[in-house]
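A structural walkthrough
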Amino acid sequence: AQLLGGARLAGADCRKASLEAARCAESVWEGAQLEGAQLSGADFRGANLERCTLRGADLRSTVLSGARLVQASLEEAVLESANLTGAILTDANLEAAQASRANFEKVSARQLHAPRAMLETCRLLGADLQGAVLGRACLDSAELGGACLKKTMLDTVSLVGAQARRVDLSEASLRAAVLRGADLESANMSGANLQEACLVEAQ
């Protein structure tokens, strides 16, 4: 595996590069081009990926815990089973990303743009997604306990069977959202728009 721990590669052009299982902890990639890169299984914990372009990158099982991904472009990236615990995703773009089974626990992701993202069975426990845009995303069976989704746009989102105890959905837009079988015990839905939402068998 490539040893890039602590490396400074800000602004580098690494499009379609092969960095599977690379060790990149605490490295700096600010503004780098990593579009279509093969990064599966790599270790980017604590790395600075601010404003990076990662469109279509393969990040399966990649470790991104504590990484800075502010304003990063991750459209159509594959993040299945990736670990982003505690990562900073403020104003990042995950439109149409494939992130099933990924761990987003305690991420800071205000103003995240993730419409049509596939986030089924992912962990978002304690995540801060205030003001995020998640329209038409799939969050079936996701774990959202204690997450902040205040003022988020969740129109036509699918939350079938989601575990959402104590989640803050105040002032969120859930027009035509599907929450069938979701666990919403102690959820805060004050001021939420639930027009045409499906809450059949929700608890």
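Above this note sits the structure.
A brief report on the enclosed structure follows. Every value quoted in this text rests on a predicted model; they were computed, and no experiment measured them. (Residues numbered from 1 in each chain as written. Predicted model: local features only at pLDDT ≥ 70, side-chain atom pairs only at ≥ 80, totals over all residues. Heavy atoms only, no water.)

**So, the overall build of the chain**
A count of helices and strands for the chain gives 0 helices and 0 strands. A compact globule built from 203 residues would reach a C-alpha radius of gyration of about 17 Å, and the chain, at 17 Å, matches this within 12%. Projected onto the principal axes, the alpha-carbon positions of the chain cover approximately 50 × 20 × 20 Å. Every one of the 203 residues in the chain was classed for burial, and the buried ones make up 48%. Element-wise, carbon and sulfur atoms account for 44% of the exposed surface of the chain, whose accessible area totals about 8600 Å². Counting 21 positive and 25 negative side-chain charges, the chain places the centres of these two groups 2 Å from one another. (Helix = DSSP H or I, 4+ residues; strand = E, 2+ residues; numbered from the N terminus. Rg over C-alpha atoms; globule rule 2.2 N^0.38 Å. Buried < 20%, exposed > 50% of the residue type's maximum accessible area, 1.4 Å probe, protein only. Areas by Shrake-Rupley, 256 points an atom, 1.4 Å probe, with all protein chains shown as cover. Lys, Arg positive; Asp, Glu negative; His and termini not counted. Charge placed at Lys NZ, Arg CZ, Asp CG, Glu CD.)

**As for the environment of Asn103**
Given the relative accessible area of 18%, Asn103 is considered buried. In sequence terms Asn103 and Ser81 are 22 residues apart; their C-alpha atoms lie 6.9 Å from each other. With residues near it in sequence (within four places) discarded, Asn103 still touches Ala82, Asn83, Leu84, Thr85 and Arg123. For Asn103, the side chain forms a polar contact with the side chain of Thr85, separated by 3.3 Å. (Contact = heavy atoms within 4.5 Å. Polar contact = N/O pair within 3.5 Å; in protein donor to acceptor, adjacent residues only side chain to side chain.)

**Things to note about empty space enclosed by the protein**
The rolling of a water-molecule-sized probe over the atoms marks out the regions of remaining empty space. Considering all chains together, one arrives at 3 cavities of 30 Å³ or more under this definition. The calculated volume of the largest cavity comes to roughly 80 Å³. Along its surface, the largest cavity is lined by Leu94, Phe104, Val107, Leu112, Leu119, Leu124, Leu129, Leu134, Leu139, Leu144 and Leu149. Here the residues of the lining of the largest cavity sort into 11 nonpolar, no polar and no charged. Quantified by volume, the second largest cavity comes out at close to 60 Å³. Taken together, the residues that form the lining of the second largest cavity break down as 12 nonpolar, no polar and no charged. (1 Å grid on protein atoms, 1.4 Å probe; cavity = no way out; pocket = protein on both sides within 12 Å on 5 of 7 lines; lining within 4 Å. Points joined across faces, edges and corners; volume = space filled by probe spheres on them. Nonpolar A, V, L, I, M, F, W, Y, C, P; charged D, E, K, R; others polar.)

**Overview of unusual backbone geometry**
Of note in this structure, Arg116 is not a glycine but carries a positive phi near 65°. Residue class for Arg116 comes out partly exposed when judged on its relative accessible area of 35%. Even without glycine at this site, Ser141 takes up a positive phi of about 60°.

**Focus on the pattern of salt bridges**
Applying the stated criterion across every chain, the model contains 15 salt bridges. In this structure, the salt-bridge partner of Glu143 is Arg123, at a minimum N-O distance of 3.2 Å. What you see here is one network of salt bridges that share partners, running through Glu30, Glu50, Arg51 and Arg68. (Salt bridge = Lys/Arg side-chain N within 4 Å of Asp/Glu carboxyl O.)

**What about the environment of Gly66?**
A relative accessible area of 38% means that Gly66 is categorised as partly exposed. Placed 21 residues apart in sequence, Gly66 and Arg45 show a C-alpha to C-alpha distance of 5.8 Å. Beyond its immediate stretch of four places on either side in the chain, Gly66 contacts Gly46, Thr85, Gly86 and Ala87.

**Overview of the environment of Leu59**
Given a relative accessible area of 2%, Leu59 falls into the buried group. Residues Leu59 and Leu149, spaced 90 residues apart in sequence, show a C-alpha to C-alpha distance of 25 Å. Those residues within four positions of Leu59 in sequence are excluded, and the remaining contacts are Leu39, Ser40, Leu64, Leu74, Ala77, Val78, Leu79, Glu80 and Ala82.

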